[in-house]
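# What the coordinates show
So the chains spell out like this:
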Amino acid sequence: MTNALFLRKLLFWPQPWAAQVFMLLWVSLLILAPVGGQFATEIKSVISLHPPWTTLFKGETVTLTCKAFQINAPQKIKWYHWYLPGEIQYKTTRNTYEVRESGGYKCQAQDSHSSDRVDLIFSAANLILQAPSDVFEEDSVVLRCQAKANIVLNNMTLYKNGKILKILNKTSDFHIHQASMKDNGEYYCSGVKDTHFVSSNKIQIVVQELFPSPVLRASSTQPTEGHTVTLTCESQLSLQRPEGRLQFRFVKPSTTSEWRISPEFQFSPIRRENSGSYWCEARRINSLVQKRSQELQIQVQEIVPDVQIHSHPEFVFEGLELVLICSVSGVPRPTTISWYKKQTVEGQIHIQNRLRKDRELQTSSETEFKVPVVQNSDAGEYYCIARNSRFSIKSNSVIISVKVPVSQPVLTLRPLGTWTLVREMSLQCEVQRGSLPIRYQFFHEDMLFKEIKSNSERKVSHRLSPTEKPFGNYYCTADNGLGPQRSAAVIPVSKPVLTFSSPGTRTFVGDKMSLHCEVQRGSLPIWFQFYREGVLLKKREAVSWITASYSFFLIAEHSGNYYCTADNGFGPQRSETMSLSVTVPVSQPVLYLSPPGTRTLVGNEVRLQCEVQRGSSPIWYQFFHEDVLLTKIEATSWRTKSYSFSVTAEHSGNYYCTADNGFGPQSSETINLSVIVPVSRPVLTLRTPRAQAVVGDVVQLHCEAQRGSPPILYQFYHEDVTLGSSSSPSGEGASFNLVLKTEHSGNYFCEANNGQGVQRSYTVSLNVKVPVSHPVLTLRTPRVQAVVGDILEIHCETQRGSPPIQYQFYRENVALGSCSSLSGEGTSFNLSLTTEHSGNYSCEADNGLGVQRSEAVSLSVKVPVSRPVLTLRTSRAQVVVGDVLELRCEAQRGSPPILYWFYHNNVTLETSTSHSGQGVSLNLSLTADHSGTYSCEADNGLGPQRSEAVTLFVMGLTGSKSSLIATSVTGGLLSMMAIAAMALLFYCWLLRKAGGKPTFDSSRNPSAPDPQESTYYNVPGWIELQPVYSNVNPNRGEVVYSEVWSVKKENKPTAASEPEPFKKTDSCVIYSQVKGASTAASKPQFLDPLTPHR
């Protein structure tokens, strides 16, 4: 209120800063004023597409998604209706649906309206233009000119409204980054295929508004100053683009509010300076789209307050209704009306007495204050005051005068009684209503004998002495200036007459009896009194009739003698006595059970007792069970009878009794007796879907007692642990279902109880078996790579399964063997590996509930390479420089791939890999440097093996000079060899003497045996068959040849014996035989292996 008044003052101040302050206060009012909520929006379903195109090629698929956007908190949607082409309806629980056919599609989510139709086209054309189904302002839109698969189009061009929009050279997409109304139009694209022009479908793009232009509304365009006025800016986002929120602001020329979420702005209260032209603007948060409403004129009306009070009716009489009306105009609502009455008391001081406070005026400018029944005290001066938050206006005053004529007076004699008993009597004249003062007059035989004026009361009295009392009639009059009223004359009562009024000739208990006492004459009021056997029953005053009645309902005690008296002050008069005899039919009997209660056990004694509260004797009682008579008993002195019996199960049912004393039988209410039978021992039955209970099966535990009164509570137990309970209202059995687990094996029992003791069933055992799971096969070898000769352990085990379990082992689906596990653990099977054991292995597990097979496991068994054999192959027996030498290295066994190394004098020549496992060859074009020792080595990852060394001598120059040089060289070499031999012998002798053995590098020894197999030193066959020749003394006339053989000796070292010195030296024994030309037969000479030959 303070801010509003300050704002009003600012509009009239000429200061230059007033406009800025007004702007700030405007914004504060926008923030602080209460505003309304969201506009009501129907809940409508919306379809979205994935991919977003409405045109696709035949064979493609579009996923439709149905959404329902709700203002309130969304509930879980349980179903969706899909409307397909051809008026086909389909109901799903998912909000997606895949389509492949052309047509119109709609959807409807639960508790929402159906969506707009989406038309899809699945085209067989070579070229289509694809666009989204809906385009809104500021959308980023992609238009795709798409050719069919395997179709090549050139010169792709996009058209809008028949004009070229863009030539699509390197892309098939055209992007509209910020869609607006200027992008509306018809689009299509074209291309060229083999000189033929190909055109796509046409698509009409209509850019939809994110929200419509707002509409500004006012709660009143011509409000009265001081009232509250609310401006509402109405607009809302499209249901298909509900993301984000709208902001609003309200504008008056030269004044603009801040952007806000609320669509309402309130003037509370509005001032005349607020008149003018207004409009509002709306925009989406973080958006450039902004829209403006039409202008709205508001004209604030000036206040002219007026408060008037008037009454209805014009003349007010006592006993009628008085209405005071306070008319209020020109006072802004809400308004409260307060009513006041002026009263004049001591010293004529005016004291305002508030009648009603703060009565708020709701719908009318007039309000009323009613006095339903006007009394004389309601006379006075009234006014009203109208108040609101700014005004307090008093009305004019209205004076209410109450006029009450006197009613007919009543003359009575006080006190009542006879003249002989009362020494002084008073005549009292009284009116019920009438404005004071009132003048009273007393008359005797039409002669005035007393006049009294009363200013404060409406009754007066005049005392009479019995000695002064003349006989005759008396009356009085009353007058307050509005006309006299006369009372009736006072006359002594005559003798009354008492009569009975009953419905029939006989009176029964329960009948209504009326006693009437009536006099023929007597002045009112008259006092009537009714008596039975001299005891006063009732006293009645008659003020308008000369008769009185007394009614009551008869009971047996009402039999006897009755009379009445009448008295109007001149002494009582008594009627004649009348006798009354009351006949009492039996009342409705009441049936009791003893002992109390409607439930009893078999064998108990039960007593039925039938009793009536009233009724003349004798009375006949009858007892019934389900309308079958049990017994009939007569009662002559008592109003109750009993019937007893011993209870059996058949005694359950409804019981009642009847009583009759000749006026018709009366039936009691029905009592239901339930005979409780204790439950027998229940029987527990386990029901499984198969003979053997298996994990996952649903077992039904059914417990039932053959006898026992319902309801029966059944309790189910497993190993003394409660599983659950179930009540049987009908007395039948109850069931309990279990989804079996392994821990459900054990003993089960149940208990039955109907409140008469618990009975337990016999124990029933259940053995729950677990089917075997897929077994896991494990191959265990002593090394990472399985090798021939290793022991393979094949282990098969399941993670779960009830024992015993039978395991079966397979290689390439051929059974290897089987084994049983009594404990349920895994089992193993051992194999000594050979090459044939490579392949796929699997196992099966079976415990009688189904066979499960493991995944196959592959095993590759490798064979270590044997010692390779090196073969030297030449084109002649004696190789010379320039010849081609083939070195072939081959291992007789070993798993491929095998890597071969060739060595010359222990220097690597070359390596080669054999993927087939066969040998490899190396060719050399010989030179003089190729003489020497050759060897090879084979390895397949399981340890290298080296061949025996082979010596090769390459002949060089020819003629005498070369022979001389060869002889010299040979002599020198032989000399060096002899010296080396002597040194070696001396070294071996020292070792033997010291008890030692020679030391050498076994890794570089070509003859080192494989530790995993026996090594045989075999002479290659080609060496045995082809001698190697070396020329000796070529200068002599007779050529002497030296023939050399290399013979392999077996070397079988034992673990127990230490090898002799030189046992691991070269095992070749060289024999030298010299032949002369003239000696036809000469025996060969055998040299020591260590002695060089010449």
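Residues numbered from 1 in each chain as written. Predicted model: local features only at pLDDT ≥ 70, side-chain atom pairs only at ≥ 80, totals over all residues. Heavy atoms only, no water.

### Some words on the confidence of the model for the protein
Atom-level detail of predicted coordinates should not be read off regions where pLDDT is low. Let me state the cut-off plainly: A residue's pLDDT is simply how confident the predictor is in it, with values from 0 to 100. In what follows, residue pairs with any heavy atoms lying within 4.5 Å of each other are defined as contacts.
Model confidence for the protein is summarised by a mean pLDDT of 79, while 80% of its residues fall at 70 or above. Within the model, pLDDT remains below 50 along residues 1–40, and this stretch shows 67 contacts once partners closer than five positions in the same chain are excluded. Segment residues 354–364 is flagged for pLDDT under 50; beyond a separation of four residues in sequence, or across chains, it makes 32 contacts in the model.

### Quick word on the sheet that holds strand β5 (residues 88–92)
Our working definition: Here the rule is simple: two strands pair whenever DSSP picks up at least two bridges between them. Note on conventions: DSSP H or I runs of at least 4 residues are helices, E runs of at least 2 residues are strands, and numbering of each starts at the N terminus. Between the N-to-C directions of two axes lies an angle of 0 to 180 degrees, each axis being a line fitted to C-alpha atoms and, for a helix, fitted only over the stretch in contact.
Strands sit in the order β2-β8-β7-β4-β5 across an open sheet of five strands; the sheet is mixed. The open sheet has two edge strands with one neighbour each: β2 (55–57) and β5. The average undirected angle you get between the axes of adjacent strands in this sheet is 25 degrees. When β2 meets strand β8 (residues 118–123), the two strands line up parallel, connected through three bridges. Bridge pairing in β8 places L56 opposite F122.

### Details of the packing of aromatic side chains
One pair of aromatic rings is described through two measures. These are the centre distance and the angle between the planes. Put simply, the rule reads: Note on ring pairs: Phe, Tyr and Trp rings are taken, using the six-membered ring of Trp, and paired if centres are within 6.5 Å. Classes follow the plane angle, with under 30 degrees stacked, over 60 edge-to-face and the rest tilted. Per-residue accessibility, obtained with a 1.4 Å probe over protein chains only, is compared with the maximum for each type, and a residue is labelled buried under 20%, exposed over 50%, and partly exposed between these values. Two thresholds decide whether a charge sits over a ring: the Lys NZ or Arg CZ must be within 6 Å of the ring centre and within 35 degrees of the ring normal.
Across all of its chains, the model carries 22 aromatic pairs by this definition. Note on F443 and Y475: the rings are 4.8 Å apart at their centroids and 10 degrees apart in plane angle, and the pair reads as stacked. Pair noted here: F443 is in strand β39 (residues 438–444) and Y475 is in strand β42 (residues 474–479), with a separation of 32 residues, a long-range link. With respect to burial, F443 and Y475 carry one shared label: buried. Members of the aromatic cluster, connected to one another through ring pairs, are F250, F265, F267 and Y278. The ring of Y83 has K106 lying over it, and the distance from NZ or CZ to the ring centre is 5.8 Å.

### Some remarks on the environment of D627
The condition is simple: Polar contacts, as used here, are pairs of N or O atoms within 3.5 Å; protein pairs need one atom able to donate a hydrogen and one able to accept it. Residues neighboring in sequence count only if both atoms are side-chain atoms.
Of note, D627 is situated in the loop between β55 (619–625) and β56 (628–635). For D627, a relative accessible area of 61% corresponds to the exposed category. For D627 and Y656, which are 29 residues apart along the polypeptide, the C-alpha to C-alpha distance reads 8.2 Å. Side chain to side chain, D627 and Y656 meet in a polar contact 3.0 Å long.

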